[in-house]
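# Summary of the model geometry
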Amino acid sequence: MDHQSLEKTSSVSPMLPKEKDKTIILTQQNGPRILIREDTILANLPGCAGCGRAQFACSGMKKKWSALCWGKQSEKKYYCSLVVLSATFALSLLGTIFFCFTNVINDAILSSMVLKNNSLAFSMWRRPTVHPLMKVHLFNYTNWQRVRDGLDTKFHVEDVGPYVYSQQLERVKIRFVKDLLTFQEHNNFKFLPEASAGAHFDKVFVPNLPLLGVTSKIENAEFFARMGVQAALNTFGNHKEAFLQLPVQRFLWGYEDNIITIAKPYLSIQGQLNFDNFGLLVTKNGTSSDVFTINTGENDINRMNIIEEFNGHKALPYWGSPECNSIEASDGSIFPPTFLDRNQTLKVFFPNLCRSIPFKYVKDVEMGDGVNLLRYEMPRNVFDDPDHNPANQCYCQVDTGSCPPRGVIDVTQCAMGAPALASFPHFHLGDPALRERFTGLHPDSEQHQSYLDIHPTLGIALSGKSNLQLNMQVKKPESFGPVNYLPQGLILPIAWIEMSVEELPESLQSLVYHGTYSTAAAQLGLSAFCTISLAISAICLFVMLVRRRRKPCAIVKIVSTDTELKTQFA
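Residues numbered from 1 in each chain as written. Predicted model: local features only at pLDDT ≥ 70, side-chain atom pairs only at ≥ 80, totals over all residues. Heavy atoms only, no water.

### Some points on the overall build of the protein
Here is the rule: In DSSP terms, a helix is any run of H or I states spanning at least four residues, a strand is any run of E spanning at least two, and both are numbered starting from the N terminus. Under the scheme applied here, a residue whose accessible area is under 20% of the maximum for its type counts as buried, over 50% as exposed, and between as partly exposed, the area being computed with a 1.4 Å probe on protein chains only. Note on definitions: a residue-residue contact is assigned when non-hydrogen atoms from the two residues lie within 4.5 Å.
Looking only at helices and strands, the protein features 12 helices and 23 strands. Of all 570 residues assigned to the protein, the portion counted as buried reaches 45%. A separation of at least 24 residues holds for 64% of the contacts in the protein among residues at least 6 apart in sequence.

### Overview of the confidence of the model for the protein
Quick reminder of the rule: You can read pLDDT as the predictor saying how much it trusts each residue, on a scale of 0 to 100.
Across the protein, the average pLDDT comes to 77, with 71% of residues at 70 or higher. pLDDT under 50 marks residues 1-73. Its contacts with residues more than four places away, or in other chains, come to 139 contacts. Per-residue pLDDT stays below 50 along residues 267-271; that stretch engages in three contacts with residues further than four places along the chain or on separate chains.

### Considering the nonpolar core
Filter applied, for reference: What is meant by a nonpolar core is a set of buried Ala, Val, Leu, Ile, Met, Phe, Trp, Tyr and Cys residues, joined one to another through side-chain atoms within 4.5 Å.
Core analysis: the largest hydrophobic core is formed by 56 residues, its most contacted members being Phe155, Phe251 and Leu252. Here this core gets six residues from one element, more than from any other, and that element is strand β22 (residues 491-501). Apart from the residues within four sequence positions on either side, Phe251 is in contact with Leu138, Val206, Pro207, Leu209, Leu246, Gly279, Leu280 and Ile494. Of all hydrophobic cores here, the second largest spans 21 residues; its members include Leu346, Ile357, Ala420 and Ile454.

### As for a nonpolar patch on the surface
Counted only if it meets this: Surface patches are defined over residues having more than 30% relative accessible area and no salt bridge, joining like charges when they lie within 9 Å and nonpolar side chains (Val, Leu, Ile, Met, Phe, Trp, Tyr) when within 5 Å. Only the protein chains shown count as covering a residue, and every accessible area follows the Shrake-Rupley method with a 1.4 Å probe. Just to be clear on terms, a salt bridge is a Lys or Arg side-chain nitrogen sitting within 4 Å of an Asp or Glu carboxyl oxygen.
On the surface, a cluster of nonpolar side chains totalling about 300 Å² of accessible area is made up of Ile539, Phe542 and Val543. Note that Val543 resides in helix α11 (residues 506-546). Taking the relative accessible area as the measure of exposure, Val543 reaches 39% and is therefore partly exposed.

### A look at the pairing of strand β16 (residues 372-377)
Cut-off, in case you're wondering: By this definition, two strands are paired if DSSP reports at least two bridges between them.
Of the pairings in the sheet, the one linking strand β15 (residues 355-366) to β16 comprises six bridges and is antiparallel in character. Bridged to Asp364 within β16 is Leu374. The loop that links β15 with its antiparallel partner β16 comprises five residues; one of these, Asp369, has a positive phi angle of about 70 degrees. Note: β16 against strand β20 (residues 451-454), four bridges, orientation antiparallel. In the sheet register, Tyr376 faces β20, and the bridge partner there is Leu452.

### A few points about the packing of aromatic side chains
Short version of the rule: Any Phe, Tyr or Trp ring, taking Trp's six-membered ring, that has another such ring centre within 6.5 Å forms a pair; planes under 30 degrees apart are called stacked, those over 60 apart edge-to-face, and the others tilted. We call a charge positioned over a ring when the NZ of a Lys or the CZ of an Arg lies within 6 Å of the ring centre and within 35 degrees of the ring normal.
Taken as a whole and assessed by the stated rule, the structure comprises 20 aromatic pairs. Centre to centre, the rings of Tyr141 and Phe155 are 5.6 Å apart; their planes meet at 80 degrees, and the pair counts as edge-to-face. Taken together, the positions of Tyr141 in strand β6 (residues 133-141) and Phe155 in strand β7 (residues 155-177) put the pair 14 residues apart, joining distant regions of the chain. Summarising the burial analysis for this pair, Tyr141 and Phe155 share the class buried. Clustering of aromatic rings is evident, with ring pairs tying together Phe122, Trp125, Phe176, Phe183, Phe292, Phe310 and Phe349. Between Arg355 and the ring centre of Tyr395, over which it is positioned, the NZ or CZ distance is 3.9 Å.

### Points about the pattern of salt bridges
Going through the model one piece at a time under the given rule, you end up with 12 salt bridges. For Glu498, the salt bridge identified is with Lys135, shortest N-O distance 3.8 Å. Here Glu498, found in strand β22, pairs with Lys135, found in strand β6; they are 363 residues apart in sequence, far enough to count as distant. The partner of Arg406 in a salt bridge is Asp384, and the shortest N-O contact between them spans 3.3 Å. Of this pair, Arg406 sits in the loop between β16 and β17 (408-410) while Asp384 sits in the loop between β16 and β17, and the two are 22 residues apart along the sequence. Owing to a relative accessible area of 7%, Asp384 belongs among the buried residues under this scheme. Overlapping salt bridges, with partners in common, bring together Arg148, Asp149 and Glu241 in one network.

Next comes the structure, spelled out in structure tokens:
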């Protein structure tokens, strides 16, 4: 019996009195149908509930039953379904917004990188598992005696090395103050003979750096002062020439020089002496005297690993403007996430250069496992003179106004007052005049570049290379015997050093891989799940609200007599 015919029969008068019989038998062309009256049978019929005069509500039907009447679905079931679908829709909507339009998973990972005491990030930062390589190239002055004797007009230098060392860094003397972290660095450099092009006992002819430092100090001194210093050097000095021959090990890590011994009391009073014997890299091994204070990122993730103070000061005291004295930079190991914009310049603080160095984005590169990184390079004009790079005007001498030639920068303030300068190796990108007095210098743009490869999400520098050359400028008084043959202002190349990360430990590789792919897969999967759930729940809600239809309910078996019917439902 369809819905329309049953509606019609609902108005037919009962064939039996209500008091004597609880059923009404209707005769149709297709056979009898039995209607159970609402006021007599409904209470004993499982799954049905009253829903008004002449209609029933029922939880469902089975094939062996015949439809008896039509009614609405159970109100309790309807509203329970509506609540469940509404909750599913709301949660799916929130999930879709979070996972499709935000970086909630990446933000959670970045939050875990905050340098909190005893955290995993802090442990990895305190004792990094990455061991950078330091490759030292020395310039061997093979003909300095011939230049001294007037037989040659140019110095011939040989690039010897590299002498390779593995760096083990540990950050010590750590103090937390709110979201600031103060520490010092302890380095241990281990010589790697199998990776080096020479041995520690190789001997090289190198400039006498302590002597050149002393001559620069008395450049403008009175005559008698100059004579007194020269007499003292002749009497007590053990290295009296402008060049000396030393084993590589001694030149790099320390040898006895009487000039330093005599100067110890003065340098100790100034707080500049933190070694016993002089060596080119003697201050690199052991605990550095420099004290860093960085931001942990606990209160502001965008300040993570930014230097707040250096040696207790919020700015450098060396240069002529706040911009050049600023230490608002990273140490080059980790960068805040908002800094990783291809249009933004990153800054790395180099204590040995007395300044911060900019790095600019150049291209995307790919490391192992297909992880994409952002490559930032030192600009080609970073060491230019103010005529070619006006931003370097503030790095000129404030008192004299003199500026170094194109391609070198003055680092005297960070070299205990010695006339030291830094440049790219072999004076790459420098003024050609820097190479006029030398043979054997061969700049190479590929070999001598400096760059950082940074993970675009984590902000960790996973690969990189810095190539810097140390030089010494000749500054001397007139008629000072040991250096008379050296032209005033001549810049002597001493060594160039490459710091690089060539291999990552497996633990860090795994961390980077999961930080790149696992998080991306998780966010994609959750985004898809929430989107599909949102669509399905929305469709179901629409069907429930718009197409709520009457359904058949209150069903019984077809029987032949009223007695059998009443017995069946008793």
